[in-house]
Amino acid sequence: YLGVDISPEMVKIAKNKAQEESNLNIEFCCGEVENLPIQNETCSTVLMAMVLHHLVSPKRAIQEASRVLFPGGTLIIHDLCKHDDISYQEIYNHRWLGFNREDIASWLCKYGFHEYKFVENLKNSFICYAHL
């Protein structure tokens, strides 16, 4: 497993926690989701959990997931449903006030994910499973 975070401090915390729990098959590195430090077609699964709403270009992150996944690979997105509570931007520095299903679906199709399924019965969030 490989965990990627833009924050060196978060990478350090994750490494320490993995060592404490003897999870030795996990590596961590600094990097941007919109420009992953991963070679083409080297991953079977990409998980983006509560990430897209922080990014300048969430569709670029989906494009990067497509690039690093094997053909037939799976992208799992967990993020916020579209809302209008601007306090999320003011308090938590969210760039986006969540997403609607149509926008995510159009980005998925644009970057080669033609099979996808949304689960939206979560409180104010969704999970999307997409396959190349």
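This one's a predicted model, so the numbers in the text were calculated from it and none came from an experiment. (Residues numbered from 1 in each chain as written. Predicted model: local features only at pLDDT ≥ 70, side-chain atom pairs only at ≥ 80, totals over all residues. Heavy atoms only, no water.)

(A) Highlighting the nonpolar core. Counting residues in each nonpolar core, the largest one holds 28 residues, and the members touching the most others are Leu52, Ile62, Leu75, Ile77, Ile104 and Leu108. When contributions to this core are tallied by element, the ones reaching two or more residues are β3 (43-49), α2 (58-68), β4 (69-80), α4 (101-110) and β6 (125-131). Excluding its chain neighbours within four sequence positions, the residues that come into contact with Leu52 are Pro58, Ala61, Ile62, Ile77, Asp79, Trp96, Phe99 and Ile104. (Core = buried A, V, L, I, M, F, W, Y, C linked by side-chain atoms within 4.5 Å. Buried < 20%, exposed > 50% of the residue type's maximum accessible area, 1.4 Å probe, protein only. Helix = DSSP H or I, 4+ residues; strand = E, 2+ residues; numbered from the N terminus. Contact = heavy atoms within 4.5 Å.)

(B) Representation of the state of the cysteines in the model. The full count for this structure, using the stated rule, is zero disulfides. Considering cysteine sulfurs only, Cys30 is the nearest to Cys29, which forms no disulfide, with 7.2 Å between them. Of all cysteine sulfurs, the one in Cys128 lies closest to Cys81, which takes part in no disulfide; the gap is 11 Å. (Disulfide = S-S within 2.5 Å.)

(C) Main features of the confidence of the model for the protein chain. Model confidence for the protein chain is summarised by a mean pLDDT of 95, while 99% of its residues fall at 70 or above. In the model of the protein chain, strand β5 (residues 115-122) stands out as the element of lowest mean pLDDT, 86, in contrast to α2, which has the highest, 98. (pLDDT = per-residue confidence, 0-100.)

(D) Region of the structure containing the side chain of His94. Topologically, His94 is positioned in the loop between α3 (87-92) and α4. By relative accessible area, which is 9% here, His94 ends up buried. Only 3.4 Å separates the side chain of His94 from the side chain of His53, close enough to count as a polar contact. Apart from the residues lying within four places of it in its own chain, the contact partners of His94 are His53, His54, Leu80, Tyr88 and Gln89. (Polar contact = N/O pair within 3.5 Å; in protein donor to acceptor, adjacent residues only side chain to side chain.)

(E) Expanded view of the pairing of β4. Where β3 lies against β4, six bridges are found, and the strand directions are parallel. Its bridge partner lying in β4, Thr45 is registered against Thr74. Running through α2, the crossover from β3 to the neighbouring parallel element β4 is right-handed. One ladder, built from seven bridges, connects β4 with β6; its direction is antiparallel. Residue pairing in the sheet places Leu75 in a bridge with Ala130 of β6. (Pairing = 2+ DSSP bridges. Right-handed = clockwise from strand over helix to strand, strands pointing away.)

(F) Up close: the pattern of salt bridges. Tallying each qualifying case throughout the model produces three salt bridges. Residues Glu64 and Arg60 are paired through a salt bridge, measuring 3.5 Å at the closest nitrogen-oxygen approach. A residue pair is termed a helical-turn pair when its members lie 3 or 4 positions apart in one helix, as Glu64 and Arg60 do in helix α2 at four residues. Among the residues examined, Glu64 registers a relative accessible area of 3% and is labelled buried. What makes Arg60 partly exposed here is its relative accessible area of 28%. Residues Glu64 and Arg67 are paired through a salt bridge, measuring 2.9 Å at the closest nitrogen-oxygen approach. In this pair, Glu64 and Arg67 are both assigned in helix α2, three residues apart and thus about one turn of the helix distant. (Salt bridge = Lys/Arg side-chain N within 4 Å of Asp/Glu carboxyl O.)

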